[in-house]
Amino acid sequence: AFPSQPIWDRAFLDHFVAEVRQRSAAVLGDENIDERVTGFAVTYQVTAPAIRRGFTQATWAAVLVVVLMLLVDLRNLKMALVAATPLLATALALLGGRAMLGVELNMATQVAFPILFGLGVADGVHMSHRMAESRTEEEADAVGTTGKAILLAGATTMAGFGSMMLAEHSALVSFGLVLFLGILVSVLAARELPPALHAVLQRR
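Note that this is a predicted model, so its numbers are computed, not measured.

S.K.: Would you mind going over the packing of helix α4 (residues 77-101) against helix α6 (residues 112-133) with me for this structure?
M.R.: The relative placement of two packed helices comes down to the angle between their axes together with the axis-to-axis distance. Axis separation between α4 and α6 bottoms out at 8 Å; the angle between their running directions is 140°. Overall, the two elements α4 and α6 adopt an arrangement that is oblique. Where α4 crosses over α6, the handedness of that crossing is right-handed. Across the interface between the two elements, Met79, Val82, Ala83, Pro86, Leu87, Thr90, Ala91, Leu94 and Leu95 of α4 pack against Phe113, Leu116, Phe117, Gly120, Val121, Gly124, Val125, Ser128 and Ala132 of α6. In terms of residue class, the contact of α4 with α6 is built from 14 nonpolar, four polar and no charged.

Below, the structure is given as structure tokens:
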């Protein structure tokens with residue numbers, strides 16, 4: 001028996017597996033029907049919730065590790081928060097943009113978030129370090145030079161993940177799309193937010 005719709009849709013998956021068991025029981029009998037009906041859809045119905053929980057835990061673990069590393073590296077709570085703002089902006093933009101683009105939060109897209117946190121935080125850190133080294137009159141030059149380097153590094157990463165959007169597999173397409181957009185937002189946010197926040201803190 002083959003599903004007529006994508007089994008990533010949880011409601012359809014539950015309906016499909018229930019119908020397979022029902023029709024199998026009509027032919028084979030009810031005895032040990034749960035053991036006799038198997039296949040990827042049946043296995044996926046059981047493992048998918050556990051995998052989702054694992055990805056959620058991995059995302060929060062990545063956030064915790066990133067925050068701790070920022071504190072250790074910058075040794076200043078305010079600077080650590082400044083360096084983390086591009087990452088926060090990226091997460092918020094992705095969650096909103098995902099809904100607008102109609103990209104479902106499935107296993108393929110959910111696993112992109114911890115990867116994105118690890119990749120995206122570097123841009124904010126580089127810009128924060130550069131701003132801390134600059135005097136007020138040099139801030140514009142710092143944004144220009146370090147900002148260009150961040151844009152170039154981000155562009156190469158976007159090209160790598162963006163190539164997945166050319167795949168035929170829908171999960172790979174959505175995975176590549178989320179990472180492509182995430183890196184783009186992260187790069188733009190890292191170029192603008194830390195310098196602006198650093199300038200506000202310096203004035204205070």
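We are not done yet, so read on.
S.K.: Can you walk me through the environment of Val66 in this structure?
M.R.: Relative to the elements of secondary structure, Val66 occurs in helix α3 (residues 40-74). The buried category is assigned to Val66, whose relative accessible area is 12%. Once the C-alpha coordinates of Val66 and Ala122 are considered, the two residues, 56 residues apart in sequence, prove to be 9.8 Å apart.

S.K.: In this structure, what is going on with the layout of surface pockets? I would like to understand it.
M.R.: A probe as big as a water molecule, rolled over the atoms, marks out the empty space that is left. Space inside the largest pocket adds up to approximately 420 Å³. For the largest pocket, the lining is made up of 16 residues, of which Thr59, Trp60, Val63, Ala91 and Phe117 are closest to its centre. Elements supplying a minimum of two residues to the lining of the largest pocket: α3, α4 and α6. At seven residues, α3 tops the list of elements feeding residues into the lining of the largest pocket. Partitioning the lining of the largest pocket into residue classes produces 13 nonpolar, three polar and no charged.

About the cut-offs
- Residues numbered from 1 in each chain as written.
- Predicted model: local features only at pLDDT ≥ 70, side-chain atom pairs only at ≥ 80, totals over all residues.
- Heavy atoms only, no water.
- Axes fitted to C-alpha atoms, helices over the stretch in contact; angles between N-to-C directions.
- Helix = DSSP H or I, 4+ residues; strand = E, 2+ residues; numbered from the N terminus.
- Parallel < 35°, antiparallel > 145°, perpendicular 65-115°, else oblique.
- Left-handed = near helix turned anticlockwise from the far one by under 90°.
- Contact = heavy atoms within 4.5 Å.
- Nonpolar A, V, L, I, M, F, W, Y, C, P; charged D, E, K, R; others polar.
- Buried < 20%, exposed > 50% of the residue type's maximum accessible area, 1.4 Å probe, protein only.
- 1 Å grid on protein atoms, 1.4 Å probe; cavity = no way out; pocket = protein on both sides within 12 Å on 5 of 7 lines; lining within 4 Å.
- Points joined across faces, edges and corners; volume = space filled by probe spheres on them.

By themselves, these are just geometric observations and shouldn't be taken as functional.
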